[in-house]
Each structure stands twice: as structure tokens, then as C-alpha cells.
Amino acid sequence: MVNSYYRSTAFLANPEYNKEIPFLTCFRKASDLYGVAEPLLISVAAGESSFNSLAVSRSNAIGIMQIKWPITAHHLGVNKRDLLFNPCMNIKLGAKYLRELLTKYDNSVHHALAAYYFGPSRVSAVEKIPQPGVNYSNYIFDHYVNLFSYGRDFERGESISEVIPQEVLDGAASKRNWISSLKFEKSRLRKQ
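The model shown is predicted, which means the values in this text are computed figures rather than measured ones.

Draft legend 1. Geometry of the overall build of the chain. Along the chain, the regular secondary structure elements total 7 helices and 2 strands. When the elements of the chain are put in sequence order from the N terminus, they spell out α-α-β-β-α-α-α-α-α. In the chain, buried positions account for 47% of the 192 residues. Counting contacts in the chain only where the partners sit at least 6 residues apart, residues at least 24 apart contribute 54% of the total. Looking at the chain as shown, the accessible area adds up to about 9700 Å², and 51% of this sits on carbon and sulfur atoms.

Here you go:
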């Protein structure tokens, strides 16, 4: 079982972003369908492709969520490469894959992100996360912070401005708690 420090905190049900998010309806539907936090899906998409539905990497990862063709796509039930260019389909597949990884790693966002990038056969639930996975988790975390910040430098320890009023914040369900948990985990991972 994964250490409790790796467990994710809850997200607000209706987050407010500091910029317009392309394909937001698709992210919301995929989030609801697979129980993966909408801001996490959006952060991965921002980091993977900058929301480019036509993106193709050198390693043949395709679309907004950069679903690897053919291995990961086949694993997720897609046998036609062209389907990966459909933004909503790609987001749905990314959410499905993240749900599998979150389940495998007992809701450790950092392990799931490391496995999303580095491959689940290369990331153990009980051993140290490989450095490329740590780097990727940090990279996605930075995209997450940028969804809610207004240009303040999180790395210098400055506060993050949120668009949600204080009265809406609700204990463990707040983004502030999520950011604190990830900041702690990011610091811990850098020491590995």
C-alpha cells in the first residue's frame, strides 16, 4: 500500500480557472465518467500538448492527452489511430488511463503521473519514483499551479491567488489544500 503522504486531496467540484480552457465540456464529462479530478486532467493536457488536438510526439503519442500509439491506445480499447485526434475521445482515454493509474497507486497523484509519463511497468508503488517520473510530476504540478495563479512565482514561495472566494473554500475540498499537499510532495520528491 502506498504511504498516506502520496494520497491526493479533494478538488472543488466546480473549479474556476484564470484562463479559458479549450474543450472544457469534454474534460468535465471525462472527469465525471472516470472520477478523475478535472483540474488534474486539464493540467496533464496543458503539459502534454498545450491543448493541441493534432499533436504527435516523436514517440508517436497523439492528441491532447498524448495517448501512445499503438500500445496504450490498444490497451484502452482504441484500434484506429485517427480516433486519437478527436479531442473528446482523446480526453476520455486520458481520463480512463489516469483512473487506472490512480487506482493502481492507491490515489497517489505523483505515482500515477510518473507512470503516465514513464510507463506503469517502470514505476513501483513501494519504491522510489524514477527521476524522469519525478520530473514529470513536477512539470504537471507547475501547470496545475498556473491554472489558478495570477503570475506570482510559486517557486519563490509566494502565495497563489485563487479565483474562488474564501466562503466557498471547504476544508479538505479546497484547492488550497490540494496545492499544499502537492507542494509538500514536490519538496519531498526533490530530496529523493
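Draft legend 2. The state of the cysteines, seen in detail. Following the criterion strictly, the structure yields 1 disulfide and no others. Here Cys-26 engages in a disulfide with Cys-88; their sulfurs sit 1.7 Å apart. With Cys-26 in helix H1 (residues 24-34) and Cys-88 in helix H4 (residues 87-104), the pair connects residues that are 62 residues apart, well separated along the chain.

Draft legend 3. Region of interest: the packing of H4 against helix H5 (residues 109-118). Across the interface, H4 lies against H5 with an axial gap of 9 Å and an inter-helix angle of 125 degrees. What the angle tells us is that H4 and H5 run oblique. Between H4 and H5 lies a crossing of right-handed hand. The segment H4 lies against H5, with Gly-94, Tyr-97, Leu-98, Leu-101 and Leu-102 engaging Val-109, Ala-112, Leu-113, Ala-115 and Tyr-116. Its residues assigned to classes, the contact of H4 with H5 shows 9 nonpolar, 1 polar and no charged.

Draft legend 4. Representation of helix H2 (residues 38-49) in the model. The end-to-end C-alpha separation of H2 is 16 Å, in line with the 16 Å expected for 12 residues at 1.5 Å each. Taken across its 12 residues, H2 has 11 buried, putting it largely inside the fold. Of all the positions in H2, only Glu-38, Pro-39, Leu-40, Leu-41, Ile-42, Ser-43, Val-44, Ala-45, Ala-46, Gly-47 and Ser-49 are classed as buried. Structurally, H2 contributes buried residues whose contacts are with H1, H4, H5 and helix H6 (131-148). Following H2 by one or two positions, Ser-50 adopts a phi angle in the positive range, close to 55 degrees.

Draft legend 5. Spatial organisation of the packing of aromatic side chains. Counted under the stated rule, the structure contains 4 aromatic pairs. Ring geometry for Phe-27 and Phe-51: centres 6.1 Å apart, planes at 85 degrees, overall edge-to-face. Residue Phe-27 is located in helix H1, and its partner Phe-51 is located in the loop between H2 and strand S1 (61-62); the two are separated by 24 residues in the primary sequence. On the basis of an interplanar angle of 45 degrees and a centroid distance of 5.5 Å, the ring pair of Tyr-97 and Tyr-116 is categorised as tilted. Taken together, the residues Tyr-97 in helix H4 and Tyr-116 in helix H5 connect sequence positions 19 residues apart.

Draft legend 6. Structural detail: the nonpolar core. In terms of nonpolar packing, the biggest core is built from 47 residues, with Phe-27, Val-44, Met-65 and Tyr-116 touching the most fellow members. Secondary-structure elements contributing two or more residues to this core are H1, H2, H4, H5 and H6. If you tally residues by element for this core, the top one is H6, at 8 residues. Once you skip the residues sitting within four places of it in the chain, Phe-27 turns out to touch Ile-21, Pro-22, Leu-41, Ile-42, Ala-45, Phe-51, Ile-64, Met-65 and Ile-91.

Draft legend 7. Quick peek at the pattern of salt bridges. According to the stated counting rule, one finds 1 salt bridge in the structure shown. Note that Glu-38 is salt-bridged to Arg-28, the shortest N-O span being 3.1 Å. In this pair, Glu-38 is assigned in helix H2 and Arg-28 in helix H1, connecting sequence segments 10 residues apart. Of the residues examined, Glu-38 reaches a relative accessible area of 6% and is grouped as buried.

Draft legend 8. Layout of H4. The end-to-end C-alpha distance of H4 is 26 Å, a good match for the 26 Å that 18 residues give at a rise of 1.5 Å each. Taken together, the buried positions of H4 are occupied by Pro-87, Asn-90, Ile-91, Leu-93, Gly-94, Ala-95, Tyr-97, Leu-98, Leu-101 and Leu-102. Contact partners of the buried residues in H4: H1, H2, S1, strand S2 (67-68), helix H3 (71-75) and H5. N-cap assignment for H4: the residue whose side-chain oxygen lies 3.0 Å from the backbone N of Cys-88 is Asn-86. In the segment just after H4, Asp-106 is the residue with positive phi, at about 50 degrees.

Scoring rules and cut-offs
Per chain, the residues get numbers from 1 upward, laid out in the order the sequence is written. Residues qualify for local features only when their pLDDT is at least 70, as the model is predicted, and side-chain atom pairs are given and counted only at 80 or more; totals for whole chains, interfaces and linings, by contrast, use all residues. Where side-chain values are given, they derive from all heavy atoms of the structure, hydrogens and water being excluded. Helix and strand assignments come from DSSP, with helices taken as H or I runs of at least 4 residues and strands as E runs of at least 2, each series counted from the N terminus. Throughout this description, buried means an accessible area under 20% of the type-specific maximum (1.4 Å probe, protein chains only), exposed means over 50%, and partly exposed covers the range between. A contact between two residues is defined here by any heavy atoms of the two lying within 4.5 Å. To measure how exposed things are, a 1.4 Å probe is used in the Shrake-Rupley method; for residues, cover is taken only from the protein chains shown. When the sulfur atoms of two cysteines come within 2.5 Å, that pair is taken as a disulfide. Fitted lines through C-alpha atoms serve as axes, helices being fitted only where they are in contact, and the angles separating the N-to-C directions of these axes extend from 0 to 180 degrees. Every angle not falling under 35 degrees, over 145, or within 65 to 115 is termed oblique; those three ranges are roughly parallel, roughly antiparallel and roughly perpendicular. Each crossing gets its hand from how the near helix is turned against the far one by less than a right angle, where anticlockwise is left-handed and clockwise is right-handed. As a working rule, the residues Ala, Val, Leu, Ile, Met, Phe, Trp, Tyr, Cys and Pro are called nonpolar, Asp, Glu, Lys and Arg charged, and the rest polar, with Gly in that last group. A helix's residues, less one, multiplied by 1.5 Å, set its expected span. Aromatic rings from Phe, Tyr and Trp, taking only the six-membered ring of Trp, are treated as a pair when their centres fall within 6.5 Å; an angle between ring planes under 30 degrees marks them as stacked, one over 60 as edge-to-face, and anything in between as tilted. Throughout, nonpolar core names a set of buried Ala, Val, Leu, Ile, Met, Phe, Trp, Tyr and Cys residues whose side chains join them through atoms within 4.5 Å. Any Lys or Arg side-chain nitrogen found within 4 Å of a carboxyl oxygen on Asp or Glu counts as a salt bridge. Any N or O atom pair separated by 3.5 Å or less is treated as a polar contact, with the protein-specific requirement of one donor-capable and one acceptor-capable atom, and with residues adjacent in sequence counted only for side-chain atom pairs.

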